[in-house]
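Coordinate inspection notes
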Amino acid sequence: MARYTGPKTRIARKFKEPIFGADKSYDKKSYPPGQHGANRRKKQSEYGIQLMEKQKAKYTYGILERQFRNLFEKASRKGGVTGEVLLQLIESRLDNVVYRLGIARTRSQARQLVSHRHIVVNGNVVNIPSYLLREGDVVGVRERSKSLEVVTDSLSSRVSYSWLDWDNGKMEGKFNNYPQRADIPENINEQAIVELYSK
């Protein structure tokens with residue numbers, strides 16, 4: 001149940017992008033943290049760039065190193081472009097799908113909803129945020145959790161994605177298929193991650 005609980009704006013400033021969503025503090029200081037953050041001109045090595053991309057992906061999706069490595073190994077065993085398959089596997093995690101369906105405002109909130117047994121997959125309660133969904137799986141809100149203020153507030157401002165279907169009446173969504181790379185909105189250079197792990 002480990003997860004990052006430190007300062008999020010500091011991490012966003014490190015990557016020079018608001019990876020955790022809209023952030024007023026980041027808008028004020030969008031340069032890296034530290035005494036020389038605004039004036040740092042040091043050129044990054046190739047390894048440094050690859051490492052930054054991996055760290056960015058881990059913080060964006062809320063995954064720690066061991067889980068990320070396991071997902072990479074699983075992606076490399078599958079057919080297709082390894083980097084794209086890696087992102088597809090990450091996108092199929094239950095906590096991420098709950099966030100994409102609009103049931104939660106953030107991935108950390110989605111993780112908490114799953115852990116607290118508010119989410120069902122194919123009619124069964126699943127409380128494992130890293131649970132990998134398969135094509136055709138139906139994700140919904142548990143019957144007694146449908147009136148939760150957190151859920152109703154999030155659903156009022158949901159964004160739709162091409163690989164997910166949402167039924168507002170039943171408060172459930174279907175994971176139709178793995179998304180194509182062009183459909184995933186995250187600004188991650190997956191090829192750099194593949195090169196890093198291939199060393």
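1. Things to note about the overall build of the chain
In terms of regular secondary structure, the chain is built from nine helices and five strands. Ordering the α and β elements of the chain from the N terminus gives α-α-α-α-α-α-α-β-β-β-α-β-β-α. What you see for the chain is a C-alpha radius of gyration of 18 Å, in line with the 16 Å of a compact globule of 199 residues. C-alpha atoms of the chain, sized along the principal axes, occupy 55 × 40 × 30 Å. In the chain, buried positions account for 42% of the 199 residues. Within the chain, contacts between residues separated by at least 24 positions form 56% of all contacts whose residues are at least 6 apart in sequence. Approximately 11,400 Å² of the chain is accessible, and the part contributed by carbon and sulfur atoms is 46%.

2. Some words on helix 4 (residues 65-77)
Residues lying three or four places apart along an α-helix face the same way, a consequence of the helix completing one turn every 3.6 residues. Here helix 4 is 13 residues long and its end C-alpha atoms lie 19 Å apart, about the 18 Å a rise of 1.5 Å per residue gives. Among the residues of helix 4, those classed as buried are Phe-68, Leu-71, Phe-72 and Ala-75. With its buried residues spanning 100° around the axis, helix 4 presents them on a single face. Opposite the packed face of helix 4, turned more than 90 degrees from it, sit the exposed residues Arg-66 and Arg-77. Considering only its buried residues, helix 4 is in contact with helix 3 (46-61), helix 5 (82-91) and helix 9 (190-197).

3. Some details on unusual backbone geometry
In this structure, Arg-117 is a non-glycine residue whose phi angle is positive, near 65°. Relative to the helices and strands, Arg-117 resides in the loop between helix 7 (107-115) and strand 1 (119-121).

4. Quick look at the nonpolar core
In this structure, Leu-94, Val-98, Ile-103, Ile-119 and Val-139 are the most contacted members of the largest nonpolar core, which totals 24 residues. Counting only elements with at least two residues in this core, the list comes to helix 6 (94-101), helix 7, strand 1, strand 3 (138-141), helix 8 (149-155) and strand 4 (164-167). Those residues within four positions of Val-98 in sequence are excluded, and the remaining contacts are Ile-103, Ala-104, Ala-110, Val-114, Ile-119 and Val-139. Counting 17 residues, the second-largest nonpolar core is a separate cluster that includes Phe-68, Phe-72, Ala-75 and Ile-193.

5. Some thoughts on the sheet that holds strand 4
The five strands are arranged 2-1-3-5-4 in an open sheet whose pairing can be described as antiparallel. Looking at which strands have only one partner, the edges of the open sheet turn out to be strand 2 (124-125) and strand 4. In the packing of helix 6 onto the sheet, the strands contacted are strand 1, strand 3, strand 4 and strand 5 (172-175), and the crossing angle to strand 4 comes to about 60°.

6. A closer look at the pattern of salt bridges
All chains considered together, the criterion is met by 11 salt bridges. Taking the shortest distance from any N to any O, the salt bridge between Lys-56 and Glu-53 comes out at 3.6 Å. With Lys-56 and Glu-53 both in helix 3, this residue pair falls three residues apart, about one helical turn. Both residues of the pair, Lys-56 and Glu-53, count as buried. When the shortest N-O distance is used, the salt bridge between Glu-65 and Lys-54 registers 2.8 Å. Taken as a pair, Glu-65 in helix 4 and Lys-54 in helix 3 lie far apart in primary sequence, 11 residues in all.

Cut-off values and rules
Residues numbered from 1 in each chain as written. Predicted model: local features only at pLDDT ≥ 70, side-chain atom pairs only at ≥ 80, totals over all residues. Heavy atoms only, no water. Helix = DSSP H or I, 4+ residues; strand = E, 2+ residues; numbered from the N terminus. Rg over C-alpha atoms; globule rule 2.2 N^0.38 Å. Buried < 20%, exposed > 50% of the residue type's maximum accessible area, 1.4 Å probe, protein only. Contact = heavy atoms within 4.5 Å. Areas by Shrake-Rupley, 256 points an atom, 1.4 Å probe, with all protein chains shown as cover. Expected span 1.5 Å × (residues − 1). Arc of directions from axis to C-beta. Core = buried A, V, L, I, M, F, W, Y, C linked by side-chain atoms within 4.5 Å. Pairing = 2+ DSSP bridges. Axes fitted to C-alpha atoms, helices over the stretch in contact; angles between N-to-C directions. Salt bridge = Lys/Arg side-chain N within 4 Å of Asp/Glu carboxyl O.

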